[in-house]
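Each chain is listed here by its residues.
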Amino acid sequence: NLNRAILLGERDRLPRDTRDVFVASGTMHVFAISGLHVMMVAKVLVTLLACCFVPYRWVGLAAVPLLWGYVVTIGSPPSAVRAATMATFYYLAPVFWRRSNGIVSWALTFFLVYLVAPRMIADVGCALSFAVMLAIVLVGRMIREMPEGLRKNFIVTFAAWAAGVPIAAHVFGRVTPGGLLANIPLLFAAEYSVVAGLVGILASSVSETLAAHFNNFSALFTKAMVGISEGVSRLPGANVDTGAWSLLQCAEWYALFGLVLYLVRSVRSRRAI
C-alpha cells in the first residue's frame, strides 16, 4: 500500500496513523503525484532511452509519450498534468534545435494553464505547485555549477520549502519547520522508491521474480520514509499553529525570500569574478 501511494498517489490506502505522521512532519506532499513524481519518472525514462542509444535530440520525443502514458495511468491528476506539460516543453526543446530551459518551460506552462482554465487562479494546489517549481528552477540555475552533495540538496530543499510556506500558512494557518529538516533524507528515499517501483513495473513484463525484488527494494525506502517522518514529527516545533497569514504577510515573506536569493546570487557572482 505504501508503494502504491508513493508511485500512484493512492493516498486512501495509507493507514490513518501513517497519514497523520506525514501530515505532522509536513511531508505529506511526497504522496501527492506532482512535479516531484513526474520529474523522477521522466528522469528514469530519459536515462533508459539514453542507455538504448537513442540520440540526445530525439530522447524527448520518445520519452514524452511514455511520460504522458504514466500520467493517464494514474488518473491524470491536475498537478501531474501541469508537471508533465512543463516536462514536455523542456524535453522537446532539442527537437526544435532549442536548448532546454526551465524558466521558459515554467512560463509557457503557467500561461497555458491559466489561459485554458482561468478558474485555476484560485486553486491552492495549483498556486503551490507553480510557486515551488519556480523556486526550484531559479535556485537550480543559481547553483548549477555547485558540485552535487548535501549542501546543494539542502539549498534546493530550502527554496522549495520557503516558496510553499506563505501559501500553506495563508490557507491552513500552519507552518511546518520540521518539513525542512525531513525533506532532504525523505526526498532521497522517495526518489529511490519511485525509481525502484517504476523499474519493477517494467521488469514485470520479463520476470515476476525480478519485479518482486525491485518492489521489495522500493518498500525498503518507503518504510524509511515513514521512520524519518515519525522522528521529525516528535521534535518540538516541527508543526506550528500560526493562524492564517494575511496577504500582506505573504507578500513580505516573498519579498524577503527574493532579497535573500538576490544577495546569494550577488555574492556568488563576485566570487566568480
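Check the entry above for the structure.
Residues numbered from 1 in each chain as written. Predicted model: local features only at pLDDT ≥ 70, side-chain atom pairs only at ≥ 80, totals over all residues. Heavy atoms only, no water.

## Considering the packing of aromatic side chains
Cut-off, in case you're wondering: Any pair of Phe, Tyr and Trp rings, taking the six-membered ring for Trp, is counted once the centres come within 6.5 Å. Such a pair is stacked with planes under 30 degrees apart, edge-to-face with planes over 60 apart, and tilted for the rest. Helix and strand definitions here come from DSSP, where helices need a minimum of 4 consecutive H or I residues and strands a minimum of 2 consecutive E residues; each element is numbered from the N-terminal end. Relative accessibility thresholds used throughout: buried, under 20% of the residue-type maximum; exposed, over 50%; partly exposed, between the two (1.4 Å probe, protein chains only).
Counted by the stated rule, this structure contains 13 aromatic pairs. Relative to F110, the ring of W106 has its centre 5.0 Å away and its plane inclined at 20°; by these criteria the two rings are stacked. Of this pair, W106 and F110 are both found in helix α6 (residues 102–116), four residues apart, which corresponds to roughly one turn of the helix. Note on F217 and F221: the rings are 4.9 Å apart at their centroids and 80° apart in plane angle, and the pair reads as edge-to-face. A residue pair is termed a helical-turn pair when its members lie 3 or 4 positions apart in one helix, as F217 and F221 do in helix α10 (residues 208–233) at four residues. In this structure F221 comes out as buried when scored by relative accessible area, which is 17%. An aromatic cluster is defined as three or more aromatic residues linked by ring pairs; in this entry it consists of W106, F110, F111, Y114 and F130.

## A few points about the environment of I167
Defined as follows: By definition in these notes, contact holds between two residues if any of their heavy atoms fall within 4.5 Å.
Here I167 shows up in helix α8 (residues 150–172). In this structure, the C-alpha to C-alpha distance between I167 and L247, residues 80 residues apart in sequence, is 9.3 Å. Those residues in contact with I167 that lie beyond four places of it in its chain are V124, A127, L128, A131 and Y254.

## Considering the nonpolar core
What counts, and what does not: Here, nonpolar core means buried Ala, Val, Leu, Ile, Met, Phe, Trp, Tyr and Cys residues that are tied together by side-chain atoms lying within 4.5 Å of each other.
Of all hydrophobic cores here, the largest spans 25 residues; its most connected members are V38, V41, L67 and Y70. Listed by contribution, the elements that provide at least two residues to this core are α3 (35–51), α4 (56–73), α5 (78–92), α9 (177–203) and α10. With seven residues, the single largest contributor to this core is α3. Setting aside anything within four residues of it in sequence, one finds V41 in contact with L67, Y70, V194 and L198. Counting 16 residues, the second largest nonpolar core, distinct from the first, contains I143, M146, V165 and A169.

## Notes on the packing of helix α7 (residues 124–142) against α8
What describes two packed helices is the angle between their axes and the distance between those same axes. Applied cut-off: Throughout, an axis means a line fitted to C-alpha atoms (over the contacting stretch in the case of helices), and angles, computed between N-to-C directions, take values from 0 to 180 degrees. Here is the rule for angles: anything less than 35 degrees is roughly parallel, anything more than 145 is roughly antiparallel, 65 through 115 is roughly perpendicular, and the remaining ranges are oblique. What makes a crossing left-handed is the near helix being turned counterclockwise from the far one by less than a right angle; a clockwise turn instead makes it right-handed. Amino acid classes used here: Ala, Val, Leu, Ile, Met, Phe, Trp, Tyr, Cys and Pro are nonpolar; Asp, Glu, Lys and Arg are charged; the rest, including Gly, are polar.
Between α7 and α8, the least distance of the axes is 8 Å, while the angle of their chain directions is 155°. Between α7 and α8, the angle is such that the two are roughly antiparallel. Between α7 and α8 lies a crossing of right-handed hand. Judged by residue contacts, V124, A127, L128, A131, V132, A135, I136 and V139 of α7 engage I155, V156, A159, A160, A163, G164, I167 and V171 from α8. Split by residue class, the contact of α7 with α8 holds 15 nonpolar, one polar and no charged.

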